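Remarks on the overall topology
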Amino acid sequence: ASTLSAATLGSGSPVAQYVVGGTTFGVATFNLKTATAGTVATVRELRFSTTGTDAVESITVGGVTAPVVSGTSTVTGLNLVIGSTGTDVPVTVKYSGFQNSTTGGSLQTSVASTVVTLSYIEATSGSGTVITNGTLVASNAMKLVASKPTVTVAAGGATASSLVLGAENKIGEFTVSADANGKISIGTTSLSLSAIGVTNVEFSSLRIA
């Protein structure tokens, strides 16, 4: 009879980022596997916990969707065959929407940290024995917002070989666009300076406009 190894967060899982409320988002990929080489098991049930009050409405795994109630969700009726080499299992969530947004919803303020944690795996081994594992593994933290910025960088003007000393040189520009879900307000941005390939540069005499 096989046993279950602790699940791990897959390398293809999204990094921490802004996520627009009211959208469906692939929050994580969890790698599930049996503990002994050559064995297989069939996952029937996964349980999850979430952070962020009312941030997540439902969780979908393997085509099965379950609601999130009081921060927890149990997805049953699965038929995920896993082996000792591991199987990546994508987990998708439906985030709650914000008031007065295009998606609509009850949330009023952003949710600083929404994390989905796989808390329990139940499977049937090759011999028919029910096997479980309750080791916790969490997704990266997402910030749920009503809208979000997208930044693109255009090709620059001057090159390092054509900079005019003592004058302003356009070296590039970037564009900030709002998500289709609503307007945003740009508060601050930051830029960093690098002198790679350039000698005798005194940064104290430079400025970025």
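Note that this is a predicted model, so its numbers are computed, not measured.

Basis of the calculations
Residues numbered from 1 in each chain as written. Predicted model: local features only at pLDDT ≥ 70, side-chain atom pairs only at ≥ 80, totals over all residues. Heavy atoms only, no water. Pairing = 2+ DSSP bridges. Helix = DSSP H or I, 4+ residues; strand = E, 2+ residues; numbered from the N terminus. Core = buried A, V, L, I, M, F, W, Y, C linked by side-chain atoms within 4.5 Å. Buried < 20%, exposed > 50% of the residue type's maximum accessible area, 1.4 Å probe, protein only. Axes fitted to C-alpha atoms, helices over the stretch in contact; angles between N-to-C directions.

The 5 strands lie next to each other as β1-β3-β9-β5-β6, forming an open sheet whose pairing is antiparallel. Every other strand in the sheet has two partners, leaving β1 (8-9) and β6 (64-67) as the edge strands with one partner each. Inspection of the sheet shows strand β5 (residues 56-61) paired to strand β9 (residues 87-95) by 5 bridges, in the antiparallel sense. By the bridge assignment, Ile59 is partnered in β9 with Val93.

In this section: the nonpolar core. Residues Leu32, Phe48, Ile59 and Val61 are the most contacted members of the largest nonpolar core, which totals 37 residues. Taken together, the elements giving at least two residues each to this core come down to β3 (24-32), β4 (40-50), β5, β8 (80-83), β9, β11 (116-125) and β14 (142-145). Examining the composition of this core, we find that 5 residues originate from one element, β3, more than from any other.

Moving on, we come to the sheet that holds strand β10 (residues 111-114). Strands sit in the order β2-β14-β10 across an open sheet of 3 strands; the sheet is mixed. The open sheet is flanked by β2 (18-20) and β10, the only strands paired with a single partner. Neighbouring strand axes in the sheet, compared pairwise and without regard to direction, differ in orientation by 40° on average. Pairing of β10 with β14, which is carried by 2 bridges, proceeds in the antiparallel orientation. Residue Val111 lies in a different strand from β14, and its bridge partner there is Leu144.

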